[in-house]
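Coordinate analysis (summary)
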Amino acid sequence: MADLDSTTLTQRLTLISVASLASNGETPAHAGEIARTCSRHADGVDADVVGSVSEAATTRALNELEAEDLVRMATDGSDSPVGKGRPEYEPGLDTSTLVTALEDDDRLDELLDRL
């Protein structure tokens, strides 16, 4: 199981958003699409959270999560990222592993139930 104990709420919301997009066949996705999904999901978080997550916060979370292999930057088979200036991301974990790793975080119950 993935060790997500040290991840922030924004990182967890980002992971759930990437997994949600993947389950709908919408990955790889760029940070803007993931940020919009995070904002839609923010209402489902049982915590005092601002109603949206900025694209900058999402991009920062994606970079940190990629460094931990929790999301992957999609490539087109060459050495450069897809979209060159707008990298696209896909899950680094399967959905069941993500749900199991985050199931102790009661703030996310509603979102995890949707995956």
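Just so you know, the residues in each chain are numbered from 1, in the order the chain's sequence is written. The model is predicted, so local features are restricted to residues of pLDDT at least 70 and side-chain atom pairs to those at 80 or more, both for listing and for counting; the totals for chains, interfaces and linings are taken over all residues. Each side-chain value is worked out from all heavy atoms of the structure, with water and hydrogens disregarded.

By the naming in an unreviewed UniProt entry, the chain is MarR family transcriptional regulator, taken from Haloplanus salinus.

Helix and strand counts for the chain stand at 5 helices and 3 strands. In the chain, the succession of α and β elements from N to C terminus is α-β-α-α-β-β-α-α. Burial analysis of the chain (115 residues in total) assigns 42% to the buried set. Considering only residue pairs separated by 6 or more positions, the chain has 60% of its internal contacts joining residues 24 or more positions apart. Summing over all exposed atoms, the chain offers an accessible surface of approximately 6,200 Å²; the carbon and sulfur share of this is 43%. In this text, helices come from DSSP runs of H or I with a minimum length of four residues, and strands from runs of E with a minimum of two, each type numbered from the N-terminal end. Exposure is judged per residue with a 1.4 Å probe applied to protein chains only, and the accessible area is read against the type maximum: over 50% gives exposed, under 20% gives buried, and values in between give partly exposed. Two residues form a contact once any of their heavy atoms are found within 4.5 Å. Where accessible areas are quoted, they stem from the Shrake-Rupley method and a 1.4 Å probe; at the residue level, only the protein chains shown are allowed to cover.

The next point concerns the environment of A56. With respect to the secondary-structure elements, A56 resides in helix α3 (residues 55-67). Once the C-alpha coordinates of A56 and G32 are considered, the two residues, 24 residues apart in sequence, prove to be 9.0 Å apart.

It is worth spelling out unusual backbone geometry at this point. Cis geometry marks the peptide bond from T27 to P28, where omega comes out at 5°. Its place among the elements puts P28 in the loop between α1 (9-23) and β1 (29-30). For D69, which is not glycine, the phi torsion reads 60° and is therefore positive. Mapped onto the elements of the fold, D69 is located in the loop between α3 and β2 (71-73). D69 gets classed as exposed once you look at its relative accessible area, which sits at 59%.

What follows is about the nonpolar core. Definition used in this section: a nonpolar core is a set of buried Ala, Val, Leu, Ile, Met, Phe, Trp, Tyr and Cys residues joined via side-chain atoms within 4.5 Å. Of all hydrophobic cores here, the largest spans 28 residues; its most connected members are L4, I34, L98 and L108. Broken down by secondary-structure element, the contributors of at least two residues to this core are α1, α2 (31-42), α3, α4 (95-102) and α5 (109-114). Of all the elements, α1 adds the most residues to this core, at 7 residues. Each residue touching L98, except ones within four places of it in the same chain, is listed here: L4, L15, I16, A19, L93 and L115.

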